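Next come the chains, spelled out residue by residue.
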Amino acid sequence: MMRIDAHQHYWKIDRNDYGWITPEVPVLYRDFLPEHLLPQLQKHNIEKTILVQAAPTIEESEFLLHLSEEDDTIAGVVGWLDLEDPLYLEHYSSFAKHPKFVGFRVMIQDMKDPNLILTKPYQEAFAYFSEKNVPIDLLITSDQLQVVVDLLDKQPKMRAVIDHIAKPNIKQGIMQPWKTQMERIANNPNIYCKLSGMVTEANHHSWMLQDFREYITHIIDCFGIDRIMFGSDWPVCILAGSYDEVLSILENNLPPYFTDLDKEKLFGLNAKTFYKI
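Values in this document were obtained by computation on a predicted structure and should not be read as measured data. (Residues numbered from 1 in each chain as written. Predicted model: local features only at pLDDT ≥ 70, side-chain atom pairs only at ≥ 80, totals over all residues. Heavy atoms only, no water.)

A. Quick look at the pairing of strand 7 (residues 191–195). Burial within strand 7 is extensive, with 5 of its 5 residues counted as buried. The alternating pattern of strand 7 places Ile191, Cys193 and Leu195 and Tyr192 and Lys194 on opposite faces, both of which are buried. Summarising the sheet, strand 6 (residues 160–162) and strand 7 pair through 3 bridges and their orientation is parallel. Paired with valine 161 across the bridge in strand 7 is tyrosine 192. Note: strand 7 against strand 8 (residues 228–230), 3 bridges, orientation parallel. The partner of cysteine 193 across the bridge, within strand 8, is isoleucine 228. With helix 7 (residues 213–223) bridging strand 7 and the parallel strand 8, this β-α-β connection has right-handed handedness. (Buried < 20%, exposed > 50% of the residue type's maximum accessible area, 1.4 Å probe, protein only. Helix = DSSP H or I, 4+ residues; strand = E, 2+ residues; numbered from the N terminus. Pairing = 2+ DSSP bridges. Right-handed = clockwise from strand over helix to strand, strands pointing away.)

B. Broad picture of the environment of arginine 105. Note that arginine 105 resides in strand 4 (residues 101–106). By relative accessible area, arginine 105 is classed as buried at 4%. For the pair arginine 105 and valine 52, spaced 53 residues apart in sequence, the C-alpha to C-alpha distance is 7.8 Å. A polar contact of 2.7 Å, which involves the side chain of arginine 105, links it to the side chain of glutamine 53. (Polar contact = N/O pair within 3.5 Å; in protein donor to acceptor, adjacent residues only side chain to side chain.)

C. Geometry of the packing of aromatic side chains. Tallied over the full model, the rule gives 18 aromatic pairs. Seen in terms of ring centroids, tyrosine 128 and phenylalanine 129 are 5.2 Å apart; in terms of plane orientation they differ by 80 degrees. Their pairing is edge-to-face. Taking the relative accessible area as the measure of exposure, tyrosine 128 reaches 29% and is therefore partly exposed. Through a chain of ring-to-ring contacts, three or more aromatic side chains come together here, namely Tyr88, Tyr92, Phe95, Phe101, Phe104, Tyr128 and Phe129. Positioned over the ring face of phenylalanine 267 is arginine 3, at 5.0 Å from the centre of the ring. (Phe/Tyr/Trp six-rings, centres within 6.5 Å; stacked < 30°, edge-to-face > 60°. Lys NZ or Arg CZ within 6 Å of the ring centre and 35° of its normal.)

D. Molecular detail of unusual backbone geometry. With an omega dihedral of 0 degrees, the bond running from glutamine 176 to proline 177 counts as a cis peptide bond. Inspection of the secondary structure puts proline 177 in the loop between strand 6 and helix 6 (178–186). The residue after tryptophan 234, namely proline 235, is reached through a cis peptide bond having omega 0 degrees. For proline 235, the position within the fold is in the loop between strand 8 and helix 8 (243–251). One non-glycine residue, asparagine 16, adopts positive backbone phi at about 60 degrees. Judged by relative accessible area, asparagine 16 falls into the exposed class, the value being 69%. For lysine 276, which is not a glycine, the phi torsion comes out positive at approximately 60 degrees. Examined against the element boundaries, lysine 276 turns out to sit in the segment after helix 9 (260–275).

Below, the structure is given as C-alpha cells:
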C-alpha cells in the first residue's frame with residue numbers, strides 16, 4: 001500500500017507570498033522544503049504527499065507545481081484560484097496541463113464574510129467545477145459551517161474535502177453546533193474530510209491524546225471509512241506538536257474495530273481516490 005500524507009505545505013519565506021507567516025511566529029518563519037520533511041516521511045513509511053497551497057496567489061501555486069517536478073514524494077498539488085477573477089478559467093486551464101495538479105483550495109477561513117461563496121460568481125464557478133468533477137479543498141472554521149451547509153444545498157455535485165475537520169474548538173472541548181453541522185455535510189456522498197490540523201486547535205502546550213477522541217470518532221462515524229484522510233498539516237502542526245505526535249494523536253484515537261484495510265484507506269487509498277492519482 002502507498003501511504004500518503006494528504007495535507008502538507010512547503011514555502012520559501014523570501015518569496016513574500018505568506019502574509020500570515022511573520023517574524024512574530026519564529027517557529028514557522030523560515031523555509032520549509034522537501035528535504036526538511038523527507039526524514040519524517042521515511043521514518044513513517046509515507047511515500048507520497050499532497051502539497052497544498054498556503055498563499056492566495058497564482059505565483060505560489062506555480063512555485064509548488066515547479067517543486068513537484070523536482071521531488072518524487074509530491075503526488076499532487078492543490079493550488080489556488082481567484083474565483084472572482086474573470087480569468088480564473090484561464091488560470092485553471094494552465095494549471096490543469098500539469099500532471100501533478102490535482103485541484104484547488106478555497107480559503108473561506110480568510111474571508112471577511114463567508115457568505116461570499118454563495119454569491120453568483122462563486123456559484124457559477126462551483127457549478128462548472130462540479131460538472132468537471134474537480135477536487136476542491138475547503139478551508140473553513142467551525143463558525144463558518146452553516147455557510148458550507150448552504151453551499152452544498154446549492155451545489156450537491158461538488159467534489160470537496162473539508163480541511164482540518166473544520167477547525168472545531170478542541171481547546172475548550174466544544175462539540176456543538178460543529179457536531180450537528182458536520183453530520184449534515186457528511187450526508188453528501190461527494191464530500192470527504194481530512195483528519196488533519198487538529199493539534200493546533202487544542203491547547204498548544206498541554207494537550208492530551210484523549211482531547212481529540214470524541215472529534216475523531218465523530219468524523220469517522222459521519223463520513224465512514226471511505227471518505228476520511230490523514231493529513232499532517234506540516235509544518236503548521238509544529239506550533240503545537242511534532243510530526244510524530246500528530247500521527248500518534250490519530251493512531252491512538254482510532255476505533256478498536258479499525259481493520260488493516262480501514263487503515264490503508266485512511267492513510268492513502270482514500271486520498272488516491274479523491275484526488276484521482
